[in-house]
Amino acid sequence: MSQTDIQQTIAKFTSMEQALRYFEIDFDSRFIDEYRIPLMKCFNGYLLLTKPDDWFSARRALKNAYCKIQRGRLDPHTRSACRGCTSCQRR
């Protein structure tokens, strides 16, 4: 899949749930309902910073956005683990 193909595929998504399913990322629907806008902004920001050239790099951008929002919810003064993040590799 070329860079233009993956960008066209991403542009066709009408919801965040479609993107998460396409990239095979497990998610919590309550989390998506609550943090949909920040997640979309973060994902689009990652896509602007590094243009995805294949499925894997686009998936990595979405996983990084999802994880960043999840980690942002944690208390910064404690060393708690990223529990709710189903895609986090920092556990």
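Residues numbered from 1 in each chain as written. Predicted model: local features only at pLDDT ≥ 70, side-chain atom pairs only at ≥ 80, totals over all residues. Heavy atoms only, no water.

1. Re unusual backbone geometry
Inference 1: Unusually for a residue other than glycine, Glu24 sits at a positive phi of about 55°.
Inference 2: You can see Glu24 is positioned in the loop between helix H2 (16–22) and helix H3 (29–49).
Inference 3: Taking the relative accessible area as the measure of exposure, Glu24 reaches 58% and is therefore exposed. (Helix = DSSP H or I, 4+ residues; strand = E, 2+ residues; numbered from the N terminus. Buried < 20%, exposed > 50% of the residue type's maximum accessible area, 1.4 Å probe, protein only.)

2. Details of the packing of aromatic side chains
How two aromatic rings sit relative to each other is given by the distance of their centres and the angle of their planes.
Inference 1: Going through the model one piece at a time under the given rule, you end up with seven aromatic pairs.
Inference 2: When the centroid spacing of 6.2 Å and the interplanar angle of 80° are considered together, the rings of Phe13 and Phe23 count as edge-to-face. Remark: Phe23 occurs in the loop between H2 and H3 and Phe13 occurs in the loop between helix H1 (3–12) and H2; sequence separation between them is 10 residues.
Inference 3: Ring centres 4.9 Å apart and planes at 80° place the aromatic pair Tyr22 and Phe23 in the edge-to-face group.
Inference 4: Under the relative-accessibility criterion, Phe23 is labelled buried at 0%. (Phe/Tyr/Trp six-rings, centres within 6.5 Å; stacked < 30°, edge-to-face > 60°.)

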